[in-house]
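Breakdown of the fold
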Amino acid sequence: MLAELPPASLRLRIDRAALIDNWRALDRLSGSASAGAAVKADGYGLGVEHVVPALQEAGARAFFVAHWSEVPGVLAHVPGEQVAVLHGVANAQEVAFARATGTVPVLNSLHQLALWQAGGGGRCHVMVDTGMNRLGLSAGELGDPLLAGADIDLLLSHLASAEDDSPQNGRQLARFREAVAQVPSRRRSLANSAGIALGPDYHFDLTRPGLALYGGVPCDELAGQIRQVAHVETAVLQVRQLQPGDTVGYNATWTADRPTRSATVALGYADGILRSWGASGALHHDGTRLPIIGRVSMDMIVVDLGDAQLKEGDFCRLSYDLPQAAQTSGLTQYELLTVLGHRFARTS
Ligand SMILES: *Cc1c(COP(=O)(O)O)cnc(C)c1O
């Protein structure tokens, strides 16, 4: 094995201080509740090995992943009792894995509760559905004796429209309160990032921010409180001089109407910079905007250099300010984070 890391022409710089500040801001905004952290999907694409230690340093003590396959990466940094698996248990193997690692399933159905009890049970979390109709026990199931016999730490539900000023929020809150009154548990949790901004009624004991930790701004109330965390930088592979009439890229969708210096840079849709960036996207160098020209390829993007003094081997950046990047690319802020590929050299 090589002792050195390979040279990287594609970098994803994770601003550790900003991540820590974001968790602390969200924890503060959670009032008397404490903030946990959703770190599923490899820490929203940024890399659990970077985000989990930083969030732990910030003060987070409850981490949420979706799949059991995501557990080992988190367990490398935090004790199993702090790790919750949102998909719950589907079979005896998953029950055994949870018990062996001390990680805690979020049980979503009576079937999952029965599997857990049959495998020996113990501390668990329980998700109730309050109107999203995705995962969780429905109101009619909350009187089941399986619940009375379970050792429930967290009782959770998930908001479907927290980023909107929607009457669905109040309806879900009312249903969650009914569930809380009916199901004995040690702690309760309802709010995701945007749910925190809905105010103290939604905070209960633990909040579960994800997106906003990583620089996403799901609602106006959080604007100005959240710092950008992910920074994308890529190297210039080649500089070219184009003449009027020259076309660029697959299917020749862009034609030079004047002499143009272009640069080909080392990132593409395989890295998560999807073709939808092409229409109005740009890279930047020293404050100069470098518009994307032609189609985004798998491994490359071509930009118009204008007057920028960029040479082969120099780095430029793709602005990953998430609210703005969402407008430019047509992707959601969630998608922008989780599509980031495996070729980035992630640093923090
Ligand atoms: C992903 C997820 C979160 C985090 O949501 P954000 O909108 O990213 O803050 C919280 N709770 C559950 C159940 C989730 O699946």
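As the structure is a prediction and not an experimental result, all values here were calculated from the model.

On to the pattern of salt bridges. Under the counting rule described, the total for this entry stands at 13 salt bridges. A salt bridge links Glu-233 to Arg-13; the nearest nitrogen and oxygen atoms lie 3.7 Å apart. Here Glu-233, found in strand 11 (residues 230-242), pairs with Arg-13, found in strand 1 (residues 10-14); they are 220 residues apart in sequence, far enough to count as distant. The class for Glu-233 is buried, based on a relative accessible area of 17%. Look at Arg-13 and you get partly exposed, because its relative accessible area is 35%. We note a salt bridge from Asp-21 to Arg-227, for which the minimum N-O separation is 2.6 Å. Taken together, the residues span a long stretch of sequence, with Asp-21 in helix 1 (residues 16-29) and Arg-227 in the loop between strand 10 (206-207) and strand 11 at a distance of 206 residues. Since its relative accessible area comes to 35%, Asp-21 is described here as partly exposed. Among the ionic contacts, a cluster of salt bridges with common partners joins Arg-11, Arg-13 and Glu-233.

Time to look at the nonpolar core. In terms of nonpolar packing, the biggest core is built from 94 residues, with Val-39, Leu-46, Leu-55, Val-126, Tyr-214 and Tyr-320 touching the most fellow members. For this core, the element with the most residues is helix 3 (residues 48-58), which contributes six residues. When we break this core down by domain, the ones giving at least three residues each are domain 1 (16-215) and domain 2 (230-347). With sequence-adjacent residues up to four places away left out, Tyr-320 is seen in contact with Gln-228, Ala-230, Val-232, Ile-273, Trp-277, Leu-336 and Leu-340. Ranked by size, the runner-up nonpolar core spans nine residues in total, among them Ala-62, Phe-64, Leu-86 and Val-106.

Here we come to the packing of aromatic side chains. The full count for this structure, using the stated rule, is five aromatic pairs. Arranged with centres 6.0 Å apart and planes meeting at 85°, the rings of Trp-68 and Phe-97 form a pair that is edge-to-face. Note that Trp-68 is positioned in the loop between strand 4 (63-65) and helix 4 (71-75) and Phe-97 in helix 5 (residues 92-101), a separation of 29 residues in sequence. Classification of Phe-97 by relative accessible area gives partly exposed; the value is 32%. Taking 6.1 Å as the distance between ring centres and 20° as the angle between the ring planes, the aromatic pair formed by Trp-277 and Tyr-320 counts as stacked. A residue pair is termed long-range when its members are at least 10 positions apart, and Trp-277 in the loop between strand 14 (260-265) and strand 15 (282-285) and Tyr-320 in the loop between strand 18 (315-318) and helix 10 (322-329) qualify at 43 residues. Taken as a pair, Trp-277 and Tyr-320 share a single burial class, namely buried. Each member of the aromatic cluster is reached from another via a ring pair, and the members are Tyr-44, Tyr-214 and Tyr-334. Sitting over the ring of Phe-315, Arg-11 keeps its end group 3.5 Å from the ring centre.

Time to look at the site of the ligand. Surrounding the ligand, one finds 14 residues, the nearest of these being Lys-40, Tyr-44, Ser-193, Leu-211 and Tyr-334. Between a nitrogen atom of the ligand and a side-chain N or O atom of His-158, the distance comes to 3.4 Å. Here an oxygen atom of the ligand sits 2.5 Å away from a polar atom, N or O, in the side chain of Ser-193. When the ligand sits alone it has 390 Å² of accessible area, and the protein chains cover 93% of it. Of the pockets mapped on this structure, the ligand occupies the largest pocket. Taken together, the residues that form the shell around the ligand break down as seven nonpolar, four polar and three charged.

Rules of the game
Along every chain, residues carry numbers that run from 1 in the direction the sequence is written. Reporting of local features is limited, given that this is a predicted model, to residues whose pLDDT is at least 70; pairs of side-chain atoms are given and counted only at 80 or more, and all residues count toward the totals for whole chains, interfaces and linings. Each side-chain value is worked out from all heavy atoms of the structure, with water and hydrogens disregarded. Whenever Lys or Arg places a side-chain nitrogen within 4 Å of a carboxyl oxygen from Asp or Glu, that contact is recorded as a salt bridge. The helix count covers DSSP runs of H or I at least four residues long, the strand count covers runs of E at least two residues long, and both are numbered beginning at the N terminus. For every residue, the accessible area obtained with a 1.4 Å probe (protein chains only) is divided by the maximum for its type, and the residue is called buried under 20%, exposed over 50%, and partly exposed between those limits. As used in this record, nonpolar core signifies buried Ala, Val, Leu, Ile, Met, Phe, Trp, Tyr and Cys residues forming a set joined through side-chain atoms within 4.5 Å. Each domain's extent was defined by an automatic or database domain assignment. The contact rule is simple, with two residues in contact once any of their heavy atoms fall within 4.5 Å. Only Phe, Tyr and Trp rings take part, Trp by its six-membered ring, and two of them pair if their centres are within 6.5 Å. Stacked means planes under 30 degrees apart, edge-to-face means over 60, and tilted covers everything else. We call a charge positioned above a ring when the Lys NZ or Arg CZ atom is no farther than 6 Å from the ring centre and deviates by at most 35 degrees from the ring normal. Consider each residue's heavy atoms; a residue with any of them within 4 Å of a molecule or strand counts as near. For the purposes of these results, a polar contact is taken to be a pair of N or O atoms within 3.5 Å, where, inside protein, one atom must be able to donate a hydrogen and its partner to accept one; residues adjacent in sequence count only when each atom of the pair is a side-chain atom. In short, Shrake-Rupley with a 1.4 Å probe defines the accessible areas, and a residue's cover is counted only from the protein chains shown. Cavity: a set of points on a 1 Å grid over the protein atoms alone where a 1.4 Å probe fits but cannot get out. Pocket: an open set with protein on both sides within 12 Å along at least five of seven lines, its lining residues, like those of a cavity, having an atom within 4 Å of a point. More than half of a molecule's atoms within 2 Å of the grid points is what it takes for that molecule to sit in a cavity or pocket. Each residue is assigned to one class: nonpolar for Ala, Val, Leu, Ile, Met, Phe, Trp, Tyr, Cys and Pro, charged for Asp, Glu, Lys and Arg, and polar for all the others, Gly among them.

All we've got here are geometric facts, nothing functional implied.
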